[in-house]
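One letter stands for each residue in the lines below.
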Amino acid sequence: PTLGRNFAFKNGAGSLTLAGDNGHRIIARAGYQVLRYKPDFNFDWSGEHIALFYEWSHWTRDPEKELDATRWNLRLGARGSRRSYRGSAYANGCGDGDTAGPRCFLETELHRDDLLFSFYGEAEYQDERLWRVRYEHLVNGSNSFGHNFAHHKVELGVTSELFLDIFITAKVAVLFNAYSDPVMLARDLQAQSFVTIDDENRSSFFAHVSRDFGRSWAVEAKYAYYTNELSQSEVSFRRHTAYLGFVYTYDKK
C-alpha cells in the first residue's frame, strides 16, 4: 500500500496463534518488510522481522449477570527486526574532545544496517471507566555512527462517561530518547531538518470528547499537544491541534 506521497510500504507476514483456557493467548509472527522513502532513497530499507506476543483477558464476574463486573487485560510483547538501508553507513571522524558537527560524519563504502529490538507491557482495567498504562522500550543498534539509541515511552490513558451521555478519552505519552553518539542531533548533512524518519522524540497529550445523537449522528472534539522538552534536541518544538466535527454513520437496517 502507498502511504501518502512520501512513503511506499510493503509488509508480508505470517502468524500463529495459540489460544488457551481462561483468556490466555500467545501469538508468534514473522515476515519481511520493505520501505521506500520517495524524497530520499538513502532512507529506503528492507529486512526481516519476528515478534512474540502474550495476551490475557479476565472478567472478575460474569458481565451478562452482574452490571458491576470488572475486566483485566494484560499484553506483553517482544519484537526484533533487521533493516538494510540503501544509504551508506557513516563513521566518526571527530575525536572525543571535538565539537559536534557535520564534519564528524564520514561516509563509508558500507551500507547502513540496523538491528532493532523492542519490548512492551500494557495493562488495562475496566470498571465504570477504562484505565490503561503502557511502557515500551526500543533499542536500535547500527553500524552507522549517529544512529544508536534507546527509546523509552510511557503512556497513561482513561476513557470515561462524563455526563449527559458525553464520553471522553484522555491520553498522556511521555517519551525519552537516549543517544549513544553525542553528535547525532548536530548532524545537518545537506541541510536536512531531520536525522532519521524513524526518530520519534515528542511527548504528547491527547483528548477526545464525543456524544451520540440518535443512531446515526455524533458530535466530537479533539485536542492534542506535542512537545520535545524531554528530547536532546537543541531546537524547542511545541504544537497544538484542535478539531470539531460531526460524524454520520450509515446503518443499512
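The rules behind these values
- Residues numbered from 1 in each chain as written.
- Predicted model: local features only at pLDDT ≥ 70, side-chain atom pairs only at ≥ 80, totals over all residues.
- Heavy atoms only, no water.
- Patch = residues over 30% accessible without salt bridge, like charges linked within 9 Å, V, L, I, M, F, W, Y side chains within 5 Å.
- Areas by Shrake-Rupley, 256 points an atom, 1.4 Å probe, with all protein chains shown as cover.
- Salt bridge = Lys/Arg side-chain N within 4 Å of Asp/Glu carboxyl O.
- Helix = DSSP H or I, 4+ residues; strand = E, 2+ residues; numbered from the N terminus.
- Pairing = 2+ DSSP bridges.
- Buried < 20%, exposed > 50% of the residue type's maximum accessible area, 1.4 Å probe, protein only.
- Phe/Tyr/Trp six-rings, centres within 6.5 Å; stacked < 30°, edge-to-face > 60°.
- Lys NZ or Arg CZ within 6 Å of the ring centre and 35° of its normal.
- pLDDT = per-residue confidence, 0-100.
- Contact = heavy atoms within 4.5 Å.

A. A nonpolar patch on the surface, seen in detail. Side chains of Val133, Tyr135, Val154, Leu156, Val172, Val174, Phe205 and Tyr223 sit close together on the surface and give an oily, nonpolar patch of about 610 Å² of accessible area. Mapped by element, the contributors of at least two residues to the nonpolar patch are β7 (130-142), β8 (149-161) and β9 (166-179). Inspection of the secondary structure puts Leu156 in strand β8.

B. Here's a closer look at the pairing of β7. In this sheet, β7 lies alongside strand β6 (residues 105-126) in antiparallel orientation, the contact comprising 13 bridges. Paired with Ser118 across the strands is Leu138, a residue of β7. Following β7, the chain reverses through six residues before pairing antiparallel with β8; Gly146 in that reversal takes a positive phi of roughly 95°.

C. Main features of the pattern of salt bridges. Inspection of every chain in the model, using the stated rule, returns twelve salt bridges. Close ionic contact of Glu124 with Arg75 constitutes a salt bridge, the shortest N to O distance being 3.6 Å. A residue pair is termed long-range when its members are at least 10 positions apart, and Glu124 in strand β6 and Arg75 in strand β5 (residues 71-92) qualify at 49 residues. We classify Glu124 as buried; its relative accessible area is 11%. Using a relative accessible area of 24% as the deciding quantity, one classes Arg75 as partly exposed. Between Glu122 and Arg134 there is a salt bridge, with the nearest N and O atoms lying 3.0 Å from each other. Of this pair, Glu122 sits in strand β6 while Arg134 sits in strand β7, and the two are twelve residues apart along the sequence. For the residue pair Glu122 and Arg134, the accessibility class agrees, reading buried in each case. Counted as one network, the salt bridges with shared partners bring together Arg75, Glu122, Glu124, Arg132, Arg134, Glu136, Lys153 and Glu155.

D. The packing of aromatic side chains, seen in detail. In the structure shown here, the tally under the stated rule is five aromatic pairs. It is Arg112 that lies over the ring of Tyr85; its NZ or CZ is 3.9 Å from the centre. Across from the ring centre of Tyr226, 4.7 Å away, lies the NZ or CZ of Arg239, which sits over that ring.

E. Spotlight on the confidence of the model for the protein chain. Scored by pLDDT, the protein chain has a mean of 82; 82% of the residues are at 70 or more. Per-element confidence in the protein chain ranges from a low mean pLDDT of 43 for strand β1 (residues 2-3) to a high of 94 for β7. Predicted confidence for residues 183-195 stays below pLDDT 50, and this span has 30 contacts to residues more than four positions away or in other chains.

F. Region of the structure containing the environment of Arg36. Looking at the element boundaries, Arg36 is found in strand β3 (residues 24-37). The spacing of Arg36 and Arg86 is 50 residues in sequence and 9.8 Å in space, taken between C-alpha atoms.

G. Main features of the environment of Phe163. By the element assignment, Phe163 lies in the loop between β8 and β9. Taking the relative accessible area as the measure of exposure, Phe163 reaches 52% and is therefore exposed. Distance from Phe163 to Arg211, taken between C-alpha atoms, is 9.9 Å for residues 48 residues apart in sequence.

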